[in-house]
Protein chains: 2
Amino acid sequence: MTRKSKQKEAILKTIRGTTLHPTAEWIYEGVRKEIPNISLGTVYRNLRLLKREGVILELDLAGSISRFDKEAQNHYHFRCEQCDCIVDLDEAVNTELNERLTRQTGFQIFYHRLEFRGLCNGCQS
Amino acid sequence: MTRKSKQKEAILKTIRGTTLHPTAEWIYEGVRKEIPNISLGTVYRNLRLLKREGVILELDLAGSISRFDKEAQNHYHFRCEQCDCIVDLDEAVNTELNERLTRQTGFQIFYHRLEFRGLCNGCQS
DNA sequence: TTAGGTGCAAAACCTTTGCCATCCC
DNA sequence: GGGATGGCAAAGGTTTTGCACCTAA
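In this text, all values refer to a predicted model and were calculated from it rather than measured experimentally.

Trainee: Mind laying out the side chain of B:Thr23, listing which residues take part and the relevant values?
Mentor: Along the chain, B:Thr23 falls in the loop between α1 (6-16) and α2 (24-32). With relative accessibility at 18%, the residue B:Thr23 sits in the buried group.

Trainee: Summarise the domain arrangement of chain A; cite the residues concerned and give the values.
Mentor: Many analyses report the size of an interface as the accessible area lost when the parts associate. All names here are of chain A. Assigned domains of chain A: these are domain 1 (1-72) and domain 2 (74-125). When each unit is reduced to the centre of its C-alpha atoms, the spacing between domain 1 and domain 2 is 25 Å. The interface formed by domain 1 and domain 2 includes zero salt bridges. At the boundary of domain 1 with domain 2, the tally comes to two residue pairs in polar contact (both at pLDDT 80 or more).

Trainee: I'd like to hear about unusual backbone geometry, residue by residue, with values.
Mentor: Of note, the phi angle at A:Asp84 is positive, near 70°, even though the residue is not glycine. Note that A:Asp84 resides in the loop between β3 (77-80) and β4 (86-88).

Trainee: Tell me about the protein's contact with DNA strand D, residues and numbers included.
Mentor: Inspection of the region around DNA strand D gives 22 residues, with A:Arg3, A:Ser5, A:Thr42, A:Ser66 and B:Tyr44 positioned closest. Here, DNA strand D places atoms within 4 Å of the protein, and 68% of those atoms are sugar or phosphate. Interatomic distance of 2.5 Å between a side-chain N/O atom of A:Ser5 and a phosphate oxygen of DNA strand D. Contacts to DNA strand D include B:Arg3, whose side-chain N or O atom sits 3.0 Å from a base oxygen. At the level of secondary structure, the elements contributing two or more residues to the surface near DNA strand D comprise α1 (6-16) and α3 (40-52) of chain A together with α3 (40-52) of chain B.

Trainee: I'd like a rundown of the pattern of salt bridges, residues and numbers included.
Mentor: Overall, the coordinates contain 15 salt bridges over all chains when judged by the stated rule. We note a salt bridge from A:Lys51 to A:Glu58, for which the minimum N-O separation is 2.3 Å. The salt bridge partner of A:Arg100 is B:Glu91, with a shortest N-O separation of 2.7 Å. Taken together, the positions of A:Arg100 in helix α4 (residues 95-105) and B:Glu91 in the loop between β4 (86-88) and α4 (95-105) put the pair across two chains.

Trainee: Outline the relation of the copies chain A and chain B, listing residues and values.
Mentor: In this structure, two copies of a chain are linked by a rotation about an axis accompanied by a shift along it. For the pair chain A and chain B, the superposition axis carries a translation of 0.0 Å, the fit reaches an RMSD of 0.2 Å, and the rotation angle comes to 180°. Such a combination of rotation and displacement between the chain copies is what one expects of a two-fold axis. When C-alpha positions in chain A are compared against the rotation axis, the closest is assigned to A:Leu114, at 2.3 Å. Mapped onto chain B, 100% of the interface residues of chain A are again interface residues, and the two copies thus contact each other with one and the same surface.

Trainee: Account for the protein's contact with DNA strand C, with residues named and values stated.
Mentor: If you check the shell around DNA strand C, you find 23 residues, and the closest are A:Arg3, A:Tyr44, B:Arg3, B:Ser5 and B:Thr42. Restricting attention to atoms of DNA strand C within 4 Å of the protein, one finds that 67% of them are sugar or phosphate atoms. One of the backbone nitrogen or oxygen atoms of B:Ser39 is found 3.2 Å away from a phosphate oxygen of DNA strand C. Breaking the surface near DNA strand C down by element, the ones donating at least two residues are α3 of chain A together with α1 and α3 of chain B. Top contributing element to the surface near DNA strand C by residue count: α3(A), with five residues.

Trainee: An account of the nonpolar core is needed here, citing residue identities and associated values.
Mentor: Residues A:Phe78, A:Phe116, B:Phe78 and B:Phe116 are the most contacted members of the largest nonpolar core, which totals 26 residues. Within the residue set of this core, elements represented by two or more residues are β3, α4 and β5 (108-119) of chain A together with β3 (77-80), α4 and β5 (108-119) of chain B. Not counting the four nearest positions on each side in its chain, A:Phe116 is found in contact with A:His77, A:Phe78, A:Arg79, A:Leu89, B:Leu97, B:Asn98, B:Leu101, B:Ile109, B:Tyr111 and B:His112.

Trainee: Describe the environment of B:Asn74, with residues and values.
Mentor: Tracing the chain through its elements places B:Asn74 in the loop between β2 (68-69) and β3. Spatially, the C-alpha atom of B:Asn74 lies 8.3 Å from that of B:His112, the residues being 38 residues apart in sequence. Each residue touching B:Asn74, except ones within four places of it in the same chain, is listed here: A:Leu57, B:Val93, B:Tyr111, B:His112 and B:Arg113.

Parameters at a glance
Residues numbered from 1 in each chain as written. Chains lettered and ligands numbered in written order. Predicted model: local features only at pLDDT ≥ 70, side-chain atom pairs only at ≥ 80, totals over all residues. Heavy atoms only, no water. Helix = DSSP H or I, 4+ residues; strand = E, 2+ residues; numbered from the N terminus. Buried < 20%, exposed > 50% of the residue type's maximum accessible area, 1.4 Å probe, protein only. Domains from an automatic or database assignment. Salt bridge = Lys/Arg side-chain N within 4 Å of Asp/Glu carboxyl O. Polar contact = N/O pair within 3.5 Å; in protein donor to acceptor, adjacent residues only side chain to side chain. Near = heavy atom within 4 Å. Least-squares fit on C-alpha atoms with pLDDT ≥ 70 in both. Contact = heavy atoms within 4.5 Å. Core = buried A, V, L, I, M, F, W, Y, C linked by side-chain atoms within 4.5 Å.

In structure tokens form, the structure reads like this:
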């Protein structure tokens, strides 16, 4: 079972203490102020644990492999969480969303990326 | 200027010849059947070029570096293309989309990731 | 002719892992 | 005590880069 440690607590506190969406390295530097000899490996291990427990979210697929698409136009994708296949979706891109959120946020939004995750036909059994 | 080469053409042909969303390694293996001594570095260089020219798309809902979010619940993000800051958006998650696309595609969709891209306040000048 | 492309290998980069010591329950 | 966790360093996997050579324009 998962038990507590001061390292894990410090890591969580560091993440919760910022509105940035920090990298592992940033978290490591932050925690080091409290626990100077913590190791980067420990930070990674605990981030993975916290993610697995549903406490935090990882925004990108770490060290993930780049995949390329022959279609240059923006479109949406489905990715199977089991076999990792990627399929183009035949769904219109909602450009109004960009305009509405540009108005609402003040950010200048050019486009968006949308990816659905689940199980493809072959992996549902 | 960008000039043509048989390597670049073979790479593009290989990408266009599949509906998979291949990795650099897969493309490399494919092109090697035609140009056995092509190097992986060349593949990466040309992929970057083709992407920059808007010929292909890199499916980068993943950056190279993982970023973490203290919010565990799914929500949407904005990412600034200049300073790379990430901001949580106050926009309701559209779960109906998952249901509709599950019906339409036959895939079992659990959730989706949506990320807007553009310029944040500080980077619009 | 010459700027851009290539091959090769090494470096860079982020992340994971093995090993053994340490800690929590 | 014993399984979970940590520190350290080395390994792992993907991508980039330096350099000398080559090639398209």
